[in-house]
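Observations on the model geometry
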Amino acid sequence: DPSIADARWERRIASVVGRHSVGVAVGFKDRVAFTLDGGRGRVPASNQKLLLTLSMFDRLGPDLRIPTRAAAERVEGGTVPGDLWLIGGGDPSLTAAEPGYWGSFQATTLAELAERIKRSGITRVGRVRGALGYFAHDFDAPGWQPYVPGQYVQLPSALVLNGNYTADRHPEKSAAAALAKQLENIGVTVLGTPGTGRAPARLTTVARVRSRPLDELAAFMNRSSNNFYAEVFGKLLGADVYGRPGTIAKGARAIESWARANGERAVANDSSGLSYRNRVSPESMVELLEVAGARPWIGDLRPGLPSPGEGTLRYRLPGLHVRAKTGSLFDGSSTLSGWVRSQRTGRWVAFSIMGKDVPAAVEDRIVGIVSRARIRIPAVR
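Residues numbered from 1 in each chain as written. Predicted model: local features only at pLDDT ≥ 70, side-chain atom pairs only at ≥ 80, totals over all residues. Heavy atoms only, no water.

When helices and strands are counted, the protein chain shows 11 helices and 13 strands. For 381 residues, the compact-globule estimate of 2.2 N^0.38 gives 21 Å, and the C-alpha radius of gyration of the protein chain, at 23 Å, lies within 12% of that figure. In terms of principal-axis extent, the alpha carbons of the protein chain reach across some 80 × 40 × 35 Å. Looking at the protein chain as a whole, 57% of its 381 residues qualify as buried. For the protein chain, the proportion of contacts with a sequence separation of at least 24, taken over those separated by at least 6, is 70%. (Helix = DSSP H or I, 4+ residues; strand = E, 2+ residues; numbered from the N terminus. Rg over C-alpha atoms; globule rule 2.2 N^0.38 Å. Buried < 20%, exposed > 50% of the residue type's maximum accessible area, 1.4 Å probe, protein only. Contact = heavy atoms within 4.5 Å.)

The following block contains the structure:
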């Protein structure tokens with residue numbers, strides 16, 4: 001009897017949850033099929049990165065390749081007599097000369113940009129300057145603990161060098177110095193000391209490099225739960241939606257706006273999930289996952305989320321076909337949202353589990369129950 005089968009898996013979830021403070025929602029065929037205290041807003045922790053990814057893919061597209069370019073006001077023969085401007089577009093992967101800086105993920109390098117500058121015919125440069133202004137240098141968000149900036153996320157800037165771990169408050173200057181060094185290494189003369197400033201409005205691009213596509217960048221962020229990438233992406237999204245400069249607050253507002261445009265409510269203060277003031281309900285998360293399931297970019301999004309044995313799911317959910325994002329904070333907030341493949345129908349089932357002081361084993365058992373469930377869609381009243 002399908003109705004009895006439905007009741008059994010729902011009761012199993014309720015039994016596993018027990019007295020734990022947790023909300024659960026399950027979505028199937030564009031509907032919320034099951035909820036257990038799933039309507040209350042909870043702290044999403046790094047499930048915020050999942051909301052960020054949905055918002056970004058819908059606004060910017062998964063194929064976006066973020067540019068970093070070198071430009072000048074004048075080029076005379078093979079000489080840039082004044083400043084060669086290094087202009088960042090918000091590529092969080094940018095490094096000096098290490099394409100493997102982020103592990104197996106291929107980073108963009110200033111060494112490649114230097115080679116392209118030389119191939120353009122440039123042999124002599126006045127000085128290299130890093131451009132300011134595309135992103136603000138804001139470095140805090142409501143709900144962040146005092147130790148977060150610098151320890152759990154570095155300054156999110158439009159021009160980045162090696163994750164900004166050593167750039168302090170001047171990543172643009174560090175990047176300019178790194179480009180100058182790479183130019184000198186390949187025989188291009190750089191006369192002046194690297195610096196920063198506001199780039200002139202009218203510049204001619206000399207050379208550019210582009211990041212890997214956005215879906216690959218987002219996959220790296222989600223699998224490793226990288227906070228720096230998330231906050232850089234938030235500023236990129238905020239600048240695109242609300243205009244320059246990109247800020248943490250604009251990125252958060254863009255996430256809220258995307259959720260609202262799709263009929264759900266989220267309270268966002270950042271893009272990484274480090275804020276204890278972020279709120280979204282499991283039901284809203286599932287509804288937004290169902291929205292994503294109908295978008296043309298779902299095939300780019302879902303494979304980029306961790307699967308069992310990978311990234312933040314390295315030691316979890318063995319034997320299940322899952323794509324999901326984890327989240328946790330020091331106050332005990334713990335979340336897991338994504339999709340699990342139904343063992344009965346082969347279809348993807350959306351789920352969201354959000355609670356406090358909930359063991360990972362409890363979350364995993366719930367996902368296992370959902371994967372085996374015969375899900376019946378409630379009738380519309």
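Glancing now at the nonpolar core. Core analysis: the largest hydrophobic core is formed by 88 residues, its most contacted members being Leu84, Ile117 and Phe233. Sorting elements by how many residues they give to this core places helix 7 (residues 227-242) first, with eight residues. Among all residues touching phenylalanine 233, those that are not within four sequence positions of it are Leu52, Met56, Ile66, Pro92, Leu214, Leu217, Ala218 and Met221. Residues Leu320, Ala324, Val349 and Val362 belong to the second largest nonpolar core, which totals 28 residues. (Core = buried A, V, L, I, M, F, W, Y, C linked by side-chain atoms within 4.5 Å.)

As a further point, take the packing of aromatic side chains. In the structure shown here, the tally under the stated rule is 13 aromatic pairs. Here the aromatic rings of phenylalanine 57 and tryptophan 297 are separated by 5.7 Å at their centres, their planes lie at 90 degrees, and the arrangement is edge-to-face. Residue phenylalanine 57 is found in helix 2 (residues 48-60), and its partner tryptophan 297 is found in the loop between helix 9 (282-293) and helix 10 (298-301); the two are separated by 240 residues along the sequence. This pair shows no difference in class: phenylalanine 57 is buried, exactly as tryptophan 297 is. Consider the rings of tryptophan 102 and phenylalanine 220, whose centres lie 5.8 Å apart with planes at 70 degrees: the pair is edge-to-face. A residue pair is termed long-range when its members are at least 10 positions apart, and tryptophan 102 in the loop between strand 4 (79-88) and helix 3 (110-119) and phenylalanine 220 in helix 6 (residues 214-224) qualify at 118 residues. (Phe/Tyr/Trp six-rings, centres within 6.5 Å; stacked < 30°, edge-to-face > 60°.)

With 15 residues, helix 5 (residues 171-185) ought to run about 21 Å at 1.5 Å a step, and its terminal C-alpha atoms sit 21 Å apart, in line with that. Tucked inside the fold, the buried residues of helix 5 contact strand 4, helix 3, strand 5 (124-131), strand 6 (189-190) and strand 7 (195-197). (Expected span 1.5 Å × (residues − 1).)

The element strand 5 is largely enclosed, with a buried count of six among its eight residues. Considered for its hand, the β-α-β crossover made up of strand 4, helix 3 and strand 5 is right-handed. Two elements, strand 5 and strand 6, share two bridges in a ladder whose sense is parallel. What sits directly across from arginine 124, in strand 6, is threonine 189. Bridging between strand 5 and strand 7 involves three bridges; their strand directions are parallel. The residue of strand 7 that forms the bridge with glycine 130 is threonine 196. (Right-handed = clockwise from strand over helix to strand, strands pointing away. Pairing = 2+ DSSP bridges.)

Attention now goes to the environment of serine 46. Mapped onto the elements of the fold, serine 46 is located in the loop between strand 2 (31-36) and helix 2. Judged by its relative accessible area of 9%, serine 46 is buried. Taking C-alpha positions, serine 46 is 18 Å from tryptophan 258, a pair spaced 212 residues apart along the chain. Serine 46 has contacts with Ser225, Asn227, Ser272, Gly273, Lys325, Thr326, Gly327 and Ser328, leaving out every residue within four places of it along the chain. Engagement of the side chain of serine 46 in a polar contact is seen with the side chain of lysine 49, the distance being 2.7 Å. (Polar contact = N/O pair within 3.5 Å; in protein donor to acceptor, adjacent residues only side chain to side chain.)

Further remarks concern helix 9. Taking 1.5 Å of rise per residue, the 12 residues of helix 9 would be expected to cover 16 Å, and the 16 Å separating its terminal C-alpha atoms lies within 8% of that figure. Most of helix 9 sits inside the fold, with nine of its 12 residues counted as buried. Taken as a whole, helix 9 has its buried residues at Pro282, Ser284, Met285, Val286, Leu288, Leu289, Glu290, Val291 and Ala292.

A few words on the pattern of salt bridges. When charged atoms on two side chains of opposite charge get close, those side chains can pair. Applying the stated rule across the entire model yields 15 salt bridges. Of the charged contacts in the structure, one is a salt bridge between aspartate 83 and arginine 129, with a shortest N-O distance of 3.1 Å. In this pair, aspartate 83 sits in strand 4 while arginine 129 sits in strand 5, placing the two residues 46 residues apart along the sequence. Using a relative accessible area of 21% as the deciding quantity, one classes aspartate 83 as partly exposed. Arginine 223 is the partner of glutamate 310 in a salt bridge, and the nearest nitrogen-oxygen pair spans 3.5 Å. Note that glutamate 310 is positioned in the loop between helix 10 and strand 11 (322-328) and arginine 223 in helix 6, a separation of 87 residues in sequence. Take arginine 223: its relative accessible area is 29%, and that puts it in the partly exposed class. Each of the salt bridges in this network shares a partner with another, and the network as a whole consists of Asp37, Arg40 and Arg42. (Salt bridge = Lys/Arg side-chain N within 4 Å of Asp/Glu carboxyl O.)

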